[in-house]
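# Observations on the model geometry
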Amino acid sequence: MVEQSIFINNNELKNWINNAYDLGIDKVEKTELGSANCYYLYSNSNERYFLKEFQEKITYENLEEEIKICKYLNENGITASSFICNREGKYISSFRDRYIHVQKHIIGNSYNMFEMPNDLMIKSARLLGRINKVLSGYKIDRYNFGDKWLKEWSNEKEIEKLKKLLDERSAEIDTNSTIYKQICEDFEFKINRLKMMDGYAERFLGTYKCSSHGDYSLLQILCDNNDIVAIIDFASACTLPPTWEIIRSYSYASKECRDNGKIDFDNFTKYLDSYLDEYEIPKIDILRMPSLYYFNLIRSSFGYKQYLKNKSDKNLDFAFWRTKMCRWLYNNMDEFEAYLDEYYKN
């Protein structure tokens, strides 16, 4: 859910940017990208820039890390964002208690969810492998799915969170609506499965982790002329299991995942093979990939939470889709893992 912008209108932003930066901005244009307020900036010298206003939860340290990582990637042959200094010589600015940065504009567009062509999907998997290979020389101290967190994870706490969301729903929610009934059905599925998952997280202890993008998907991949031109948005960069980003990014890009709510084994292994051409991961982690993705989806309330608290339905269809994928993984886990075991037996 995109938070309210700190700028009253585009004119206020134009005045602020010209005071804070030496860019000579003539025109400001808001664009709908991701979960942040983003703007294209046009200068009087025909230069184009990209401004991002970050959500309150994003820390200064996150942004500092992103800038360093992008610089490192650019120096090592992977095109990422290049940032612009303000008049004080800093890459990160602030206004009304929010952080802002400005980047050089990269010509290219990202695809909508589930709409990336197959050939670009294969290229994107290879790019993720290259990113992980290059970042093997760059240590990121922030962890996702870290062993400490896995040891402390509790299925009972996850169940409590879901029940609390239903109990404390907004008074504006119509409990007789089709939407609310679907949410209750999805939560019942999640709660019933979570009841069976005591100690489930421990199976992922010791899973191979590496420095990575942290939110890798087709939404962060800029393309032009049927090729990938850049990877952007490293604000979530962390050390995590690459298998999670592989299967998640595949499911977000593939049309069959949208249309059928399932993963085609043959198409997925082609995607994975492209990644493995660049970067090797242990076979045991490949086999755990379906259960790791299932583990992430079953406990997620993203989209539901925004609707139940604020009656915002912006991400509700996405939430329904993720639970549909979760159901498919639950019903096909053994077959999926057996297929991967046979395919990668050598």
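Residues numbered from 1 in each chain as written. Predicted model: local features only at pLDDT ≥ 70, side-chain atom pairs only at ≥ 80, totals over all residues. Heavy atoms only, no water.

### Observations regarding the overall build of the chain
Helices and strands together make up the secondary structure of the chain, namely 12 helices and nine strands. Taking 2.2 N^0.38 as the reference for a compact globule, 346 residues should give roughly 20 Å; the C-alpha atoms of the chain span a radius of gyration of 21 Å, in line with that estimate. When its C-alpha atoms are laid out on the principal axes, the chain stretches across 60 × 55 × 35 Å. By residue count, 53% of the 346 residues in the chain fall in the buried class. Long-range pairs, those at least 24 residues apart, make up 74% of the contacts in the chain with a sequence separation of at least 6. Taken as a whole, the chain presents about 16900 Å² of accessible surface, with 43% of it coming from carbon and sulfur. Taking the average place of the 48 positive charges on the side chains of the chain and the average place of its 54 negative ones, the gap between the two points comes to 2 Å. (Helix = DSSP H or I, 4+ residues; strand = E, 2+ residues; numbered from the N terminus. Rg over C-alpha atoms; globule rule 2.2 N^0.38 Å. Buried < 20%, exposed > 50% of the residue type's maximum accessible area, 1.4 Å probe, protein only. Contact = heavy atoms within 4.5 Å. Areas by Shrake-Rupley, 256 points an atom, 1.4 Å probe, with all protein chains shown as cover. Lys, Arg positive; Asp, Glu negative; His and termini not counted. Charge placed at Lys NZ, Arg CZ, Asp CG, Glu CD.)

### Focus: helix 12 (residues 316-343)
Across its 28 residues, helix 12 extends only 36 Å between first and last C-alpha, which sits more than 12% below the 40 Å expected from 1.5 Å per residue. Along helix 12, the largest kink reaches about 70° and is centred on Asn-332. (Expected span 1.5 Å × (residues − 1). Bend = angle between axes of the 7 residues up to and from the residue.)

### Some remarks on the environment of Leu-329
On the secondary structure map, Leu-329 appears in helix 12. Assessed through its relative accessible area of 0%, Leu-329 is described here as buried. Here the alpha-carbon distance between Leu-329 and Tyr-208, two residues 121 residues apart in the chain, equals 22 Å.

### A closer look at the packing of helix 5 (residues 155-167) against helix 6 (residues 178-194)
Contact geometry of helix 5 with helix 6 gives a least axis separation of 10 Å together with a crossing angle of 165°. It follows that helix 5 is roughly antiparallel to helix 6 by the angle criterion. Every pair of crossing elements has a handedness; the one defined by helix 5 and helix 6 is left-handed. The segment helix 5 lies against helix 6, with Asn-155, Glu-158, Ile-159, Leu-162, Lys-163, Leu-165 and Leu-166 engaging Tyr-180, Ile-183, Cys-184, Phe-187, Lys-190, Ile-191 and Leu-194. Looking at side-chain class alone, the contact of helix 5 with helix 6 contains 10 nonpolar, one polar and three charged residues. (Axes fitted to C-alpha atoms, helices over the stretch in contact; angles between N-to-C directions. Parallel < 35°, antiparallel > 145°, perpendicular 65-115°, else oblique. Left-handed = near helix turned anticlockwise from the far one by under 90°. Nonpolar A, V, L, I, M, F, W, Y, C, P; charged D, E, K, R; others polar.)

### Quick notes on a positive patch on the surface
Taken together, Lys-157, Lys-161, Lys-164, Lys-305 and Lys-309 make up a surface patch of like positive charges. For the positive patch, the secondary-structure elements that each account for two or more residues are helix 5 and helix 11 (304-310). With three residues, helix 5 is the single largest residue contributor to the positive patch. By secondary structure assignment, the location of Lys-157 is in helix 5. (Patch = residues over 30% accessible without salt bridge, like charges linked within 9 Å, V, L, I, M, F, W, Y side chains within 5 Å. Salt bridge = Lys/Arg side-chain N within 4 Å of Asp/Glu carboxyl O.)

### Considerations on unusual backbone geometry
One non-glycine residue, Phe-145, lies in the positive phi region at around 60°. One non-glycine residue with positive phi stands out, namely Lys-311, at about 55°.

### A word on helix 1 (residues 10-20)
Looking only at helix 1, the buried set comprises Glu-12, Leu-13, Trp-16, Ile-17 and Ala-20. For helix 1, the arc enclosing every buried residue in end-on projection is 130°, short of the 170-degree limit, so these residues lie on one face. For helix 1, the side-chain oxygen to backbone nitrogen distance between the N-cap and Asn-11 is 3.2 Å, and the N-cap itself is Asn-9. (Arc of directions from axis to C-beta. Polar contact = N/O pair within 3.5 Å; in protein donor to acceptor, adjacent residues only side chain to side chain.)

### Quick word on the side chain of Gln-103
Structurally, Gln-103 can be placed in strand 5 (residues 98-104). Looking at Gln-103, the relative accessible area reads 7%, which means it is buried. Within the structure, the side chain of Gln-103 is placed 2.9 Å from the side chain of Ser-81, a separation counted as a polar contact. Not counting the four nearest positions on each side in its chain, Gln-103 is found in contact with Tyr-49, Phe-50, Ser-81, Ser-82, Phe-83 and Ile-84.

### So, the state of the cysteines
Following the criterion strictly, the structure yields zero disulfides and no others. Considering cysteine sulfurs only, Cys-326 is the nearest to Cys-184, which forms no disulfide, with 17 Å between them. What makes Cys-184 partly exposed here is its relative accessible area of 27%. The thiol of Cys-257 is not disulfide-bonded; the next cysteine sulfur, from Cys-326, is found 14 Å away. In this structure Cys-257 comes out as buried when scored by relative accessible area, which is 0%. (Disulfide = S-S within 2.5 Å.)

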